Amino acid sequence: MANIAAQRIKREFKEVIKSEEVAKCAIRVELLNDTFTELKGEIAGPPDTPYEGGTFVLEIKVPETYPFNPPKVRFVTKIWHPNISSVTGAICLDILKDQWAAAMTLRTVLLSLQALLSAAEPDDPQDAVVAKQYKENNEMFQITARHWTNVYAGGPNINKDCDDKIRRLADMGIEEHQARVALSSYDWELERATEQLFS
Amino acid sequence: MNFVVIAFKSLVHNLLRMFGFGKGVMRNDLDIYIKTNTGNTLSISLDPAWDIKNVKQVVAPQLGLAPEEVKIIFAGKELKDTITISECDLGQKSVLHAVKSKRKLQVVPSEQSVIEEEDVGSKPLSETLQDSKFYDQRDEKLSKDIIQRKVHFYVFCPTCKSLRNGKLRVRCEICKSGAFTVYEDPQNWDDVLNSKQIPGYCENDLCQSKDSYNSEFNFAEFFFKCSDHISLGEDDTAVPLYLIKTNLREVPCLACGDICDPVFVFPCKDGHVACLECFRQYCSVRLAERQFWQHPEHGYTLSCPTGCPDSFIQEVHHFRLLTETQYAQYQKFATEEFVLRSGGVLCPQPGCGMGILIDEGCKKVACVNGCGYVFCRDCLQGYHIGECESNVDTSNAAGCVYSVDPSKAASARWDEASKVAIRVLTKPCPKCRTPTERDGGCMHMVCTRAGCDFHWCWVCQTPWTRECMGNHWFG
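Everything numeric here is computed off the predicted structure, so don't read it as measured data.

What should I look at first to understand the overall build of chain B in this one?
Of regular secondary structure, chain B possesses 11 helices and 24 strands. The 475 residues of chain B split such that 41% are buried. Sequence separation of at least 24 residues holds for 51% of the intrachain contacts in chain B that already meet a minimum separation of 6. If you sum the accessible surface of chain B, you get close to 26,700 Å²; carbon and sulfur atoms cover 54% of it.

Okay, structure coming up:
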């Protein structure tokens, strides 16, 4: 039964490789095994967003029932976004759930995820903390998202203030990522983040 | 000596030739039934090379008529003298209808013009319609060699138990007699599938339409036969699977991308195409997840997998393409969904599952035709008086309400164990009460039963709210 899925993925894989988005380095896919059940995707952070300049790696798992069920997609690269879990990388996107249709392809999925990076939907969030910040303190959200892009996705914008605060927590013996999550969750207020970490 | 050998050789040669010739006749002969409008049936053997004139010459004496007085009717058309048997695509044991011509033969100026007319309009309706009547105008642009390919009808044959090529046949709407001629050819599937579309004339003297005022004008009823097995009589019909079509346009399958033939064309605006293998897979996936849709008119069905609006498959016999086991499961689910949609309940006793339709407001339900279990409509536990208890406590309560035969209790222990497992692992959907297991993720539950789709909170067991999201989204 899985041969329909494999055959289809093979075809879609070629479609992505030949697409103009690949030519523009906006999306990329790589095969991880011979059976076409696991792939690695990559999308470039869209311009004029805090994700600009970053490269985001995705884990794509193709179910046996593909294309009648959606592929399971997750961000491997850590990202600060209302619709993507900052812990697990799980994505909240309708087309990967009930709005999936058999006519969609790897290419359309990757492009939809790229579109999700430029237009978040904070009212249907995956990460409640990020969504709250996005709505209530958007400036701080932009700073945080840009900082995460710099640290985890190779983005060019270094934020010295963020780095300093993390180093101060690290000096107290806090693991770097843990410190970053705490500071990000508390709008980079060192005092509240420290309080939460040691409570 | 030499002479003997030669004589022997020629004898063997002759024998072989005779034998071979005899075999040839055996293979070509077509056993046909001829039905008359007086109700008699004749069985005759035909040579496919014959034309209808030959047939009339054979049949007429048996009916006590002259050959010119006989009309031969097949598949809604009167067969003219020049048509050969092989052109009609008759199968073994097909039924032809012979009737006495009532209308006087018109005096025609020359034989030539009659033949021309015949060639235009009087081929029988059969599975080899080589024109593109059942396809859109667009097809006419296709190159000629594609048009020449046989345009088949596809049916589900209950005798062969599988997808087969079908033959279109016609009978009188009123008396069901096949001695019926149509005044015009059907142009599309609506003409064939709906009643009272194509007018015609019934030749059966016993037809009730003969008593009515307008006996010259009846309606045709179309039906299909399987073309792969020898006809088992006039009642041997097959369901047309009209969404399965010959892939004349060579459209690739939406799922696997291959160009296959035949294909399934979804009834959506775009006419999305899937190969039969992918259609089967689509149905199996949806069936396994119980994601068919109970449509009020068409029944338990699916729509186009690309999510097109208004694309439900109306003829549910298309699901006969599933395996026997899957089709049995399909029928079970369909019945259960129908019962639930009609406000009924399914008996909660493990292994029973009997569908019970109940009056509104009635709380006490007895599984009368099934296992005999008496239960509460709301909590699906053993029947009790008063409010339903929470599902943690009912295990004890059920024991108190009625006494159980000890031997029965012993034999039912395994069921009881799975019942306990269901009770421990699941919570009922607050809307439809389907036991639901949470296998990870957040507390936001969406009921997966087709048609329910209720959003609820695993912690509160109430509709999902912003408060749930704020307080205990991830537990």
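I'm lost on the packing of aromatic side chains in this one. Help?
Describing an aromatic ring pair means giving the distance of the ring centres and the angle of the ring planes. All names here are of chain B. Inspection of every chain in the model, using the stated rule, returns 24 aromatic pairs over all chains. Their ring planes at 10 degrees and their centres at 6.5 Å tell us that Phe279 and Phe319 sit as a pair that is stacked. Placement of the pair is Phe279 in helix 6 (residues 276-288) and Phe319 in the loop between strand 16 (299-301) and helix 7 (324-341), with a sequence separation of 40 residues. As far as burial versus exposure is concerned, Phe279 and Phe319 are alike and both buried.

What should I look at first to understand the sheet that holds strand 6 (residues 153-157) of chain B in this one?
Two strands in a sheet stick together by hydrogen bonds in their backbones, pointing the same way (parallel) or opposite ways (antiparallel). All names here are of chain B. Pairing is antiparallel across the open sheet formed by 6 strands, whose spatial order is 8-9-10-7-6-11. The open sheet has two edge strands with one neighbour each: strand 8 (180-182) and strand 11 (239-240). Sheet analysis places strand 6 next to strand 11, joined by 2 bridges and oriented antiparallel. The residue bridging Phe156 from the neighbouring strand is Val239, located in strand 11.

Explain the nonpolar core to me, please; I cannot follow it from the model alone.
Generally speaking, a soluble globular protein has its nonpolar side chains buried in company with each other. Residue and element names in this part refer to chain B. Core analysis: the largest hydrophobic core is formed by 56 residues, its most contacted members being Phe266 and Phe319. Mapped by element, the contributors of at least two residues to this core are strand 6, strand 7 (162-172), strand 8, helix 5 (189-193), strand 10 (218-226), strand 14 (273-275), helix 6 and helix 7. It is helix 6 that provides the largest number of residues to this core, a total of 7 residues. If near-sequence neighbours (up to four positions away) are discounted, Phe319 is found in contact with Phe279, Cys283, Phe292, Tyr300, Thr301, Leu302, Ile313, Tyr327 and Tyr330.

I tried to follow the pairing of strand 1 (residues 27-31) of chain A on my own but got confused; where do I start?
Residues and elements named next belong to chain A. Direction of pairing for strand 1 relative to strand 2 (residues 38-44): antiparallel, over a ladder of 5 bridges. Looking at strand 2, one finds that Val29 is bridged to Gly41. Hairpin connection from strand 1 to strand 2: 6 residues lie between these consecutive antiparallel strands, with Phe36 at a positive phi of about 60 degrees.

I'm lost on the interface of chain B and chain A in this one. Help?
Frequently, the measure chosen for interface size is the accessible area removed from exposure when the parts meet. Between chain B and chain A, the contact holds 19 residues from the first and 17 residues from the second. Summed over both partners, the interface of chain B with chain A comes to about 1,600 Å²; 57% of that surface belongs to carbon and sulfur atoms. The largest share of the area that chain B buries against chain A comes from Ala255(B), Gln281(B) and Trp473(B), three residues that together contribute 31% of it. For Arg11(A), the salt bridge goes to Asp258(B), with nearest N and O atoms at 2.5 Å. Counting every contact that joins chain B to chain A gives 11 residue pairs in polar contact (both at pLDDT 80 or more). Going through the elements one at a time, helix 6 and helix 11 (466-472) of chain B are the ones with two or more residues in the side of chain B that touches chain A. The biggest single contributor to the side of chain B that touches chain A is helix 6 of chain B, with 6 residues. In the side of chain B that touches chain A, the residues fall into 10 nonpolar, 4 polar and 5 charged.

Can you walk me through the domain arrangement of chain B in this structure?
Residue and element names in this part refer to chain B. When the domains of chain B are assigned, the result is domain 1 (2-107), domain 2 (129-242) and domain 3 (429-475). In this assembly, 19 residues from domain 1 lie in contact with 19 residues from domain 2. Together domain 1 and domain 2 conceal approximately 1,600 Å² of surface at their shared face, both sides included; 49% is due to carbon and sulfur atoms. At the boundary of domain 1 with domain 2, the tally comes to 0 salt bridges. At the boundary of domain 1 and domain 2, one finds 0 residue pairs in polar contact (both at pLDDT 80 or more).

Basis of the calculations
- Residues numbered from 1 in each chain as written.
- Chains lettered and ligands numbered in written order.
- Predicted model: local features only at pLDDT ≥ 70, side-chain atom pairs only at ≥ 80, totals over all residues.
- Heavy atoms only, no water.
- Helix = DSSP H or I, 4+ residues; strand = E, 2+ residues; numbered from the N terminus.
- Buried < 20%, exposed > 50% of the residue type's maximum accessible area, 1.4 Å probe, protein only.
- Contact = heavy atoms within 4.5 Å.
- Areas by Shrake-Rupley, 256 points an atom, 1.4 Å probe, with all protein chains shown as cover.
- Phe/Tyr/Trp six-rings, centres within 6.5 Å; stacked < 30°, edge-to-face > 60°.
- Pairing = 2+ DSSP bridges.
- Core = buried A, V, L, I, M, F, W, Y, C linked by side-chain atoms within 4.5 Å.
- Buried area = accessible area lost by both parts, 1.4 Å probe.
- Salt bridge = Lys/Arg side-chain N within 4 Å of Asp/Glu carboxyl O.
- Polar contact = N/O pair within 3.5 Å; in protein donor to acceptor, adjacent residues only side chain to side chain.
- Nonpolar A, V, L, I, M, F, W, Y, C, P; charged D, E, K, R; others polar.
- Domains from an automatic or database assignment.

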